[in-house]
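Summary of structural features
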Amino acid sequence: MFNLIIAVLCSVAVSVLLKVARKRHIEIQQAIAFNYIVALSLSWFLLKPDFKGLEFTDFIAQSENTPIFLALGILLPSVFIIMSKAVEFAGIVRSDAAQRLSLFLPILAAFLIFHETLSQSKVVGIVLAFVGLFCLLSKSNQQSAVAFRGILGLVGVWFGYGIIDILFKQVAKSGGAFPTTLFIAFSLAACIMFIYLLFKRTQWNVASVVGGIILGVLNFFNILFYIKAHQSFGSNPTLVFAGMNIGVICLGTITGALIFKEKISKINWLGIVFSLCAIFCLYYLDKILA
């Protein structure tokens, strides 16, 4: 559970950084690009990826994990860009909701792909998790209709984050090979992001570089501990999928209220209660009934 808690804390810290980015003159896309450079460096020095005596390109061609790190390398930066477009055309509330409700895809994968046993307590936990998410994402203010580009962005966010969660579970299953998989994924992501920014003829600034360094440290440890959580709960991926999403939005809601003075409605508080009950069912109830 420790790994999952650290992953949640790092993820919420990333959200706080992104929230204050504009006030600090941080360009998000530039920060994301440098974030991958930092994540790449930390992967190299802390995880020590093993290419088994092969050249970088040869390892990519021969590794059994090639589809995973290629998919991650493309999706990680792409989803960031899609998320920014979704926020632009559909708003941050809807975009955040789409990201969190992508939980549906990895939970479905937990039973169809990873063959997790579906117990009665897990069914109750999953139902409570989604009820809690809907309550937490509920906003009292009315919002305008979403344009077609906004709808496309929301679908992209929902699908992209769901697939990334599933891929991280696959990375966790690779055991000792996951440092190399992460290193290559970060390498590809950095290349894609910098090429994208060069085509845009981006004007770089120091604040964005500094923001990217901080973002990179937080993002790296978020991903690292999320993968370790999957390895710790190998037979219970639903707990990790749900715990991560629920934990981030619960803590994010409380952080928003305490730091940014955002209002929490009664239904939001109810969502926190449902979410805590969901974690209890997914983690503790099976042990109690066993």
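Structural data are supplied above this passage.
The following refers to the structure shown. (Residues numbered from 1 in each chain as written. Predicted model: local features only at pLDDT ≥ 70, side-chain atom pairs only at ≥ 80, totals over all residues. Heavy atoms only, no water.)

1. Some remarks on the packing of aromatic side chains
- For the structure shown, the criterion picks out eleven aromatic pairs.
- Here phenylalanine 34 and phenylalanine 194 contribute two aromatic rings whose centre-to-centre distance is 5.5 Å and whose plane-to-plane angle is 80°, an arrangement assigned as edge-to-face. With phenylalanine 34 in helix H2 (residues 28–47) and phenylalanine 194 in helix H9 (residues 178–199), this residue pair connects regions lying 160 residues apart in the sequence.
- Note on phenylalanine 34: relative accessible area 22%, which makes it partly exposed.
- On the numbers, 6.4 Å between centres and 35° between planes, the contact of tyrosine 36 with phenylalanine 186 is tilted. Residue tyrosine 36 is found in helix H2, and its partner phenylalanine 186 is found in helix H9; the two are separated by 150 residues along the sequence. Both residues of the pair, tyrosine 36 and phenylalanine 186, belong to the buried class.
- An aromatic cluster is present here, built from Phe2, Phe220, Phe221 and Phe225 joined pairwise through their rings.
- We note lysine 169 situated over the ring of phenylalanine 114; from NZ or CZ to the ring centre the distance is 5.7 Å. (Phe/Tyr/Trp six-rings, centres within 6.5 Å; stacked < 30°, edge-to-face > 60°. Helix = DSSP H or I, 4+ residues; strand = E, 2+ residues; numbered from the N terminus. Buried < 20%, exposed > 50% of the residue type's maximum accessible area, 1.4 Å probe, protein only. Lys NZ or Arg CZ within 6 Å of the ring centre and 35° of its normal.)

2. Considerations on the side chain of asparagine 245
- Locating asparagine 245 in the fold gives a position in helix H11 (residues 237–259).
- Take asparagine 245: its relative accessible area is 4%, and that puts it in the buried class.
- Here the side chain of asparagine 245 touches phenylalanine 241 through a polar contact of 2.8 Å, landing on its backbone oxygen.
- When neighbours within four sequence positions are excluded, asparagine 245 is seen to be in contact with Gln99, Arg100, Leu103 and Asp165. (Polar contact = N/O pair within 3.5 Å; in protein donor to acceptor, adjacent residues only side chain to side chain. Contact = heavy atoms within 4.5 Å.)

3. Re the pattern of salt bridges
- The final tally for this structure, using the stated rule, is one salt bridge.
- Among the salt bridges present, the one from lysine 122 reaches glutamate 116, with a minimum N-O distance of 2.9 Å.
- Judged by relative accessible area, lysine 122 falls into the buried class, the value being 7%. (Salt bridge = Lys/Arg side-chain N within 4 Å of Asp/Glu carboxyl O.)

4. With respect to the side chain of glutamine 30
- Relative to the helices and strands, glutamine 30 is located in helix H2.
- At 3.2 Å, the side chain of glutamine 30 forms a polar contact with the backbone nitrogen of asparagine 205.
- Discounting chain neighbours no more than four positions away, the residues touching glutamine 30 are Leu197, Thr202, Gln203, Trp204, Asn205 and Ser208.

5. Some details on the nonpolar core
- Grouped together as the largest cluster of nonpolar side chains are 87 residues, with contacts concentrated most on Tyr36, Leu72, Phe168 and Phe186.
- Apart from the residues within four sequence positions on either side, tyrosine 36 is in contact with Leu76, Pro77, Phe80, Phe186, Ala189, Ala190 and Met193. (Core = buried A, V, L, I, M, F, W, Y, C linked by side-chain atoms within 4.5 Å.)

6. Observations regarding H11
- With 23 residues, H11 extends 32 Å between its outermost C-alpha atoms, agreeing within 8% with the 33 Å of an ideal straight helix rising 1.5 Å per residue.
- Among the residues trailing H11, lysine 261 stands out with phi positive, at a value near 60°. (Expected span 1.5 Å × (residues − 1).)

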